[in-house]
Amino acid sequence: GAGVSQSPRYKVAKRGQDVALRCDPISGHVSLFWYQQALGQGPEFLTYFQNEAQLDKSGLPSDRFFAERPEGSVSTLKIQRTQQEDSAVYLCASSLIRPTNLITYEQYFGPGTRLTVT
Amino acid sequence: DAKTTQPPSMDCAEGRAANLPCNHSTISGNEYVYWYRQIHSQGPQYIIHGLKNNETNEMASLIITEDRKSSTLILPHATLRDTAVYYCIVRLTNNAGNMLTFGGGTRLMVKP
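Summary of the structure given here.

## Describing the overall build of chain A
The helix and strand inventory of chain A stands at zero helices and 11 strands. The N-to-C order of helical and strand elements in chain A reads β-β-β-β-β-β-β-β-β-β-β. For 118 residues, the compact-globule formula gives about 13 Å, and the C-alpha radius of gyration of chain A, at 14 Å, lands near that figure. Its C-alpha atoms put chain A at 45 × 25 × 25 Å along the principal axes. Counting all 118 residues of chain A, 46% fall into the buried class.

## As for the state of the cysteines
In a disulfide, the sulfur atoms of two cysteines are held together by a covalent bond. Counting across every chain of the model gives two disulfides over all chains. The disulfide partner of Cys23(A) is Cys92(A), and the S-S distance across this bridge is 1.8 Å. Here the disulfide of Cys23(A) and Cys92(A) is left-handed, its torsion about the S-S bond being about -65 degrees. One end of the pair, Cys23(A), is in strand 3 (residues 19-24); the other, Cys92(A), is in strand 9 (residues 88-95), and 69 residues separate them in sequence. We classify Cys23(A) as buried; its relative accessible area is 0%. Here Cys22(B) engages in a disulfide with Cys88(B); their sulfurs sit 2.1 Å apart. Because the sign of the S-S torsion sets the handedness, a value of about -80 degrees for the bond joining Cys22(B) and Cys88(B) places this disulfide among the left-handed ones.

## Observations regarding the nonpolar core
In terms of nonpolar packing, the biggest core is built from 21 residues, with Trp35(B), Leu73(B), Tyr86(B) and Leu108(B) touching the most fellow members. Breaking this core down by element, the ones donating at least two residues are strand 2 (18-23), strand 3 (31-38), strand 4 (45-50), strand 6 (61-64), strand 7 (70-75), strand 8 (84-92) and strand 9 (106-111) of chain B. Counting residues in hydrophobic clusters, the runner-up holds 20 residues, among them Leu21(A), Leu77(A), Leu115(A) and Val117(A).

## Considerations on the interface of chain A and chain B
Each side of the interface is counted separately: chain A has 24 residues, and chain B has 21 residues. Our enumeration of links across chain A and chain B arrives at zero salt bridges. Linking chain A with chain B are five residue pairs in polar contact (both at pLDDT 80 or more), by the criterion used here. Of all the secondary-structure elements, those providing two or more residues to the side of chain A that touches chain B are strand 4 (31-37), strand 5 (44-50) and strand 9 of chain A. It is strand 4 of chain A that provides the largest number of residues to the side of chain A that touches chain B, a total of four residues. Of the residues that constitute the side of chain A that touches chain B, the class distribution is 13 nonpolar, eight polar and three charged.

## A few points about the pairing of strand 5 of chain A
All names here are of chain A. When you tally the buried positions in strand 5, you get five out of seven residues, the bulk of the element. When strand 4 meets strand 5, the two strands line up antiparallel, connected through six bridges. Looking at strand 5, one finds that Ser-31 is bridged to Gln-50. Counting the residues that bridge the hairpin from strand 4 to strand 5 gives six residues, and of these Gly-40 lies at a positive phi of roughly 80 degrees. When strand 5 meets strand 6 (residues 53-56), the two strands line up antiparallel, connected through three bridges. Along strand 6, the bridge assignment pairs Phe-49 with Gln-54. Taken together, strand 5 and the strand that follows it, strand 6, pair antiparallel across an intervening segment of two residues, in which Asn-51 is found at a positive phi of about 55 degrees.

## A word on the sheet that holds strand 8 (residues 75-79) of chain A
Residues and elements named next belong to chain A. Spatially, the four strands line up as an open sheet ordered 1-3-8-7, and their pairing is antiparallel. Two strands close off the open sheet at either side, each with one partner strand: strand 1 (5-7) and strand 7 (65-68). The sheet shows a mean angle of 15 degrees between the axes of neighbouring strands, direction not considered.

## Quick word on unusual backbone geometry
Here the bond from Ser7(A) into Pro8(A) is cis, since omega is -10 degrees, no more than 30 degrees from zero. Mapped onto the secondary structure, Pro8(A) falls in the loop between strand 1 and strand 2 (10-13). Despite not being glycine, Asn51(A) has its phi angle at roughly 55 degrees, a positive value. Structurally, the position occupied by Asn51(A) is in the loop between strand 5 and strand 6. Here Arg68(B), not a glycine, exhibits a phi torsion of approximately 65 degrees, which is positive. Structurally, the position occupied by Arg68(B) is in the loop between strand 6 and strand 7. A relative accessible area of 9% places Arg68(B) in the buried class.

Thresholds, definitions, all that
Residues numbered from 1 in each chain as written. Chains lettered and ligands numbered in written order. Predicted model: local features only at pLDDT ≥ 70, side-chain atom pairs only at ≥ 80, totals over all residues. Heavy atoms only, no water. Helix = DSSP H or I, 4+ residues; strand = E, 2+ residues; numbered from the N terminus. Rg over C-alpha atoms; globule rule 2.2 N^0.38 Å. Buried < 20%, exposed > 50% of the residue type's maximum accessible area, 1.4 Å probe, protein only. Disulfide = S-S within 2.5 Å. Core = buried A, V, L, I, M, F, W, Y, C linked by side-chain atoms within 4.5 Å. Contact = heavy atoms within 4.5 Å. Salt bridge = Lys/Arg side-chain N within 4 Å of Asp/Glu carboxyl O. Polar contact = N/O pair within 3.5 Å; in protein donor to acceptor, adjacent residues only side chain to side chain. Nonpolar A, V, L, I, M, F, W, Y, C, P; charged D, E, K, R; others polar. Pairing = 2+ DSSP bridges. Axes fitted to C-alpha atoms, helices over the stretch in contact; angles between N-to-C directions.

Any functional reading would require information beyond the geometric quantities listed.
This is the structure in structure tokens:
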């Protein structure tokens, strides 16, 4: 079946521009996560949704970062007034609300959006 | 979640077993050990997880020491496609909202 998809795959923005990154989770997956991955580093948690409710946004680095999931499926991560330090790969992951028989809350990741701020 | 320590890089010959170590000395009793890998330009991919018993699936085996302070991921017959960054993560799994806390991982290079 279809996995997690993200668009665009690559985005170049000039410093100060606003950007919007889209995530389409696996159909039926209630949980959705956003992660930020700087070059050469492991992914770092940004925020978590259960359906349309944003239950954890403790990882968002500043108030320029905003995420939404208004209908409990597609999610958008918006970054306002982009800065060079925002350059990173932004990963989206989704998971079931209840564990399967074999795997406990496995997260399925999309390919990421590489954001470059110039 | 407990922190993990992994070697930054390892090499392995194609066809040989790759043994990737991970230390997690501060793991608590209800935390699982998870392994994910990330192939270049892709998102992380789940490999295997365990609590205290050794586990095996079609991708790999996971050996956890009796005191649970360390573990080893074993790829029994490494191929060139196994070249990736491997992340060892300890994580509570009592809630669907538990995020993954990645460290630096081990960059495994499988060589012909």
